[in-house]
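Below are the chains, spelled out letter by letter.
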Amino acid sequence: MTAVAALVQVLGGLALAPLLPGAVQSLKARLQGRRGPSPLQPYRNLRRLWGKSAVDPQPTTIVYRLAPCLVAAATAPALLLVPIAGRAPDWSLGNDALVLVGLLALGRFALAAASWDTGSGFALMGSARDLTFAVFAEPLLLLTLLLAALPAASTDLVAMSAAAGGAAPWGEPAHWCGAAAFALVVLVETGRQPIDNPDTHLELTMIHEGPLLEYAGRDLALLEWSGAARHWIVLVLAAELFGPHWGGFWAQLGWLGLGLAVLCAALAVTETAQAKMRILRVPGLLAGGCALALVGLASALVGGLV
Amino acid sequence: MSARGAVGPARQATEVRTVAVGEWRESCLGERDRGGRFCGAYAVRAGEGCRWTALFAAGEVTRAVSVALGAGQPAPTLVDLFPAADWDEREAHDLYGLEFEGRAALRPLVAHTAETESWTAPVGGEGTYQVAVGPIHAGVIESGHFRFHVVGERILHLDSRLFYKHRGLERAAEGLAPDAGLAYAQRACGACAVTNAVAYALAAEAALGLEPDRETRRARTLLLELERLYNHLNDVAAICAGVGFAPGNMAFAALKERALRLNAGLVGHRFLFGSVALGGSGAEVSAARAEALRGELRELGEDAARAWRELTFAASVRARVDGVGALAAADAAALGAVGPAARAAGIGVDCRGSSPGLWYGSGFVAAAPPRASGDVEARLEVRGVELVATLELLRELLDEPVGPGRSRPVAADPRGVARVESPRGETVCAVEVDPAGRLSRLHLRTGSYANWPALAHATAGNLLPDFPLINKSFELCYACADR
């Protein structure tokens, strides 16, 4: 069964991840009365980009050149940290939640450094906004992971997933607070409305798109795959740590699939019903999420979970 | 229908006055004191020199004040009295070599120089930098270069450079027969084709000594309102797209498509091209046709009202449009803003109320938004109010069939000037005809042209990512400037 979990981790993260943003886009189009692209469109984009050559802007240094590889290289092990249906094979990486936070931050840093390297106005603006949000998004991620770690008394994601299983956690207010706050983590890490608009072509409003503007060909393919893998990581985490799941491995695998489908649908609905926020309101929203997580933490302390 | 255009002359009169250079500024100030609103200025080549004319709107009358300038003789500037004259003077400088005294060096407008410093305002201080956007954009957007001077995300100043696709339409029309000039005015812009063509037709008819009859006036008004209908639907959709609100965008884009198809069914062109003729009506509507159109428009109006209600209660949209891109009433007036942008700021300018050559009548009242705050919300709201009024006007116009129209001969004006309200504001067209009956000057100043400086002004102090939204709330046309 661990072998199956390993298979889902690797194949899911590598091959299934692009299906998540594809499904969100496709469902969103239906909700908005458009025919929209097929859920498989991200795969077609990746194939197209992989076959294209790239031109580097001048002057740039190795920082720009290496960034796509670094982002992908930080994302790939992050995929292997996330347990599938409460299991994770031993890749000699451990399954520590804090390592995951660090790897996600490393990817963000690499892209921001590349933006500074090109000096492109839109890339810099996007990166600057992303980093501004990260000041709030990273504590939010840490706090929500802490809420999930308290019942398990460990930051090991496998233990955390096990502690979040069954019906017991739903009696704890801390779990509800954590789930609500993690919804914001999902929005900010996937770069979706109301925080960012993945469909926009307006350079002035871009956040996550901005740093990608200079890239083409395989570099862009790597970055787009990393974006899809980020969807996979946070959505699987959301399902594993804050979604309902119980029973044996196969039952939990079913719960995971269901959780992913529900989360994708929720993203599509949110993006359809909500306009994009004013950019300076986003830190306030994320800070609100942090406050909610802190309330959960207080409740956990009072409830004697610690 | 009783209030609409029943009595009086059926055209806008133009009073022309030629003054000496020394009296130029006093004369123009005098026009302001008499209630005149500056609405454009244009140069005409006269021998070695130039004739420079300023136009003032005073109700149904347009007053033209002219000054004859010798070769190389500078004109006293008007820009300190009428800030709205800034673009007109810069354009005359670039295209006619006119010099102006009393103002800071003219920054190039139509002529594009290589050095950025020559056309941008100097902005300094700690942490200021520039963000350049365009002239090539990612979406289906015309060519325009925007240079934002910013601190962080805050815009301090915006310099915009248009005229990338200046076609020289005005010059190309010179020497043509007046009816051939119509296409030149119409092709200045796709989205205001009817307004431009009607403004040209009214101006040229005045210069030729023609007056439109009742059916021509009704046909032209019908076309103008159909143009406003699809434009306003488009603009509401664009504002929704600007905040990333897809349901509103989709609903209004679909309504716009229905309006375009209705246009195609009526005159054979989705954007109503070729539907205006000189000296008569180019569009006829039979009784059966009018009945069918009324039905289609009623359905469209009901669906638009439903979509509008959805928009009214979309809290995330309201939060985005409130207080963004505010244009104060005093600034709007000084910069000569027109159309929905001016009305949203609380200035009740709408030349539909003073268009005797059309079928609006003296009872026409300019739309007012519920709250004239001059921001994106007010510009959105004013379009909502005008959509209802436009549908009501169309229903009234289609109460009876529109028959064939023909202009009547009357005394000719020395210069024909017409002002027609486009979806973006007042469009002014001046036509001069030489003794041989050929066009000697065609000048077109559209609502977009008048509003571009106001847009730049409204942008200052806002956040950079809010600019696309502010831009869409004005929804100005580049081609109108690049004519």
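Residues numbered from 1 in each chain as written. Chains lettered and ligands numbered in written order. Predicted model: local features only at pLDDT ≥ 70, side-chain atom pairs only at ≥ 80, totals over all residues.

Undergrad: Describe the overall build of chain A, naming the residues involved and giving the relevant values.
TA: Along chain A, the regular secondary structure elements total 11 helices and zero strands. For chain A, the N- to C-terminal ordering of α and β elements is α-α-α-α-α-α-α-α-α-α-α. In terms of overall dimensions, chain A is globule-like: its C-alpha atoms have a radius of gyration of 19 Å, near the 19 Å expected for 306 residues. Along the longest, intermediate and shortest principal axes, the C-alpha atoms of chain A span 60 × 45 × 40 Å. Here chain A, with 306 residues, has 52% of them falling under the buried criterion. (Helix = DSSP H or I, 4+ residues; strand = E, 2+ residues; numbered from the N terminus. Rg over C-alpha atoms; globule rule 2.2 N^0.38 Å. Buried ≥ 20, exposed ≤ 12 C-beta atoms within 10 Å, placed from the backbone.)

Undergrad: Summarise helix H4 (residues 62–81) of chain A; cite the residues concerned and give the values.
TA: Residue and element names in this part refer to chain A. With 20 residues, H4 should cover 28 Å at 1.5 Å per step; its first-to-last C-alpha distance of 28 Å lies within 8% of that length. When the local axis directions of H4 are compared, the greatest deviation, roughly 35 degrees, occurs at Pro68. Here the buried face of H4 lies against helix H1 (2–16), helix H5 (97–118), helix H7 (157–163) and helix H9 (217–242). (Expected span 1.5 Å × (residues − 1). Bend = angle between axes of the 7 residues up to and from the residue. Contact = placed C-beta atoms within 7 Å.)

Undergrad: Tell me about the interface of chain B and chain A, and please be specific about residues and values.
TA: With 21 residues of chain B at the contact, the number on the chain A side is 20 residues. For the side of chain B that touches chain A, the residue count by class is 16 nonpolar, three polar and two charged. (Nonpolar A, V, L, I, M, F, W, Y, C, P; charged D, E, K, R; others polar.)

Undergrad: Give me the sheet that holds strand E14 (residues 439–445) of chain B: which residues, what numbers.
TA: All names here are of chain B. Spatially, the three strands line up as an open sheet ordered E12-E13-E14, and their pairing is antiparallel. A single partner strand is all that each edge strand has here, and the edge strands are strand E12 (416–422) and E14. With direction set aside, neighbouring strand axes in the sheet form an average angle of 15 degrees. Here E12 runs beside strand E13 (residues 425–433); their pairing, made up of seven bridges, is antiparallel. Bridging from a neighbouring strand, Ala418 pairs with Cys429 of E13. (Pairing = 2+ DSSP bridges. Axes fitted to C-alpha atoms, helices over the stretch in contact; angles between N-to-C directions.)

Undergrad: Please give an account of helix H6 (residues 121–152) of chain A that cites residues and values.
TA: With 32 residues, H6(A) extends 45 Å from end C-alpha to end C-alpha; this agrees with the ideal 46 Å at 1.5 Å per step. Of the residues flanking the end of H6(A), it is Ala153(A), one or two places downstream, whose phi is positive at about 55 degrees.

Undergrad: I'd like a rundown of the packing of helix H7 (residues 246–267) of chain B against helix H8 (residues 287–312) of chain B, residues and numbers included.
TA: Residue and element names in this part refer to chain B. Axis separation between H7 and H8 bottoms out at 10 Å; the angle between their running directions is 165 degrees. With respect to their mutual orientation, H7 and H8 come out roughly antiparallel. Classified by chirality, the crossing of H8 by H7 is left-handed. Across the interface between the two elements, Pro247, Gly248, Ala251, Phe252, Leu255, Arg258, Ala259, Leu262 and Leu266 from H7 touch Leu293, Glu296, Leu300, Asp303, Ala304, Ala307, Glu310 and Leu311 from H8. Looking at the contact of H7 with H8, its residues break down into 12 nonpolar, one polar and four charged. (Parallel < 35°, antiparallel > 145°, perpendicular 65-115°, else oblique. Left-handed = near helix turned anticlockwise from the far one by under 90°.)

Undergrad: Give me the environment of Ala481(B): which residues, what numbers.
TA: Residue and element names in this part refer to chain B. You can see Ala481 is positioned in the segment after helix H14 (467–474). Counting along the chain gives 318 residues from Ala481 to Phe163, while the straight-line C-alpha distance between them is 6.2 Å. Not counting residues within four places of it along the chain, the set of residues in contact with Ala481 comprises Leu162, Phe163, Ser448, Tyr449 and Trp452.

Undergrad: Pulling in residues and values, what's your account of the environment of His149(B)?
TA: Within the secondary structure, His149(B) sits in strand E8 (residues 145–151). Apart from the residues within four sequence positions on either side, His149(B) is in contact with Val123(B), Thr128(B), Gln130(B), Leu156(B) and His157(B).

Undergrad: Hey, could you go over the confidence of the model for chain B for me, with residue numbers and the actual values?
TA: All names here are of chain B. Per-residue pLDDT for chain B has a mean of 89; in total, 98% of the residues score no lower than 70. Averaged pLDDT values over the elements of chain B bottom out at 83 in strand E11 (residues 408–409) and peak at 94 in helix H13 (residues 447–459). Taken together, the chains of this predicted complex give a pTM of 0.90 and an interface ipTM of 0.86. (pLDDT = per-residue confidence, 0-100.)

Undergrad: Which residues make up the sheet that holds strand E2 (residues 37–46) of chain B, and what are the values?
TA: Residue and element names in this part refer to chain B. Judged by pairing direction, the sheet is mixed, and its four strands sit side by side in the order E1-E4-E3-E2 without closing on themselves. Each edge of the open sheet carries a strand with a single partner, namely strand E1 (13–19) and E2. Pairs of neighbouring strands in the sheet enclose a mean axial angle of 20 degrees, with direction left out of account. Relative to strand E3 (residues 49–58), E2 runs antiparallel, the two sharing eight bridges. Pairing of Ala43 across the sheet is with Trp52, part of E3. Lying on the sheet, helix H1 (residues 24–33) is in contact with E1, E3 and strand E4 (61–69); it crosses E4 at an angle near 175 degrees.

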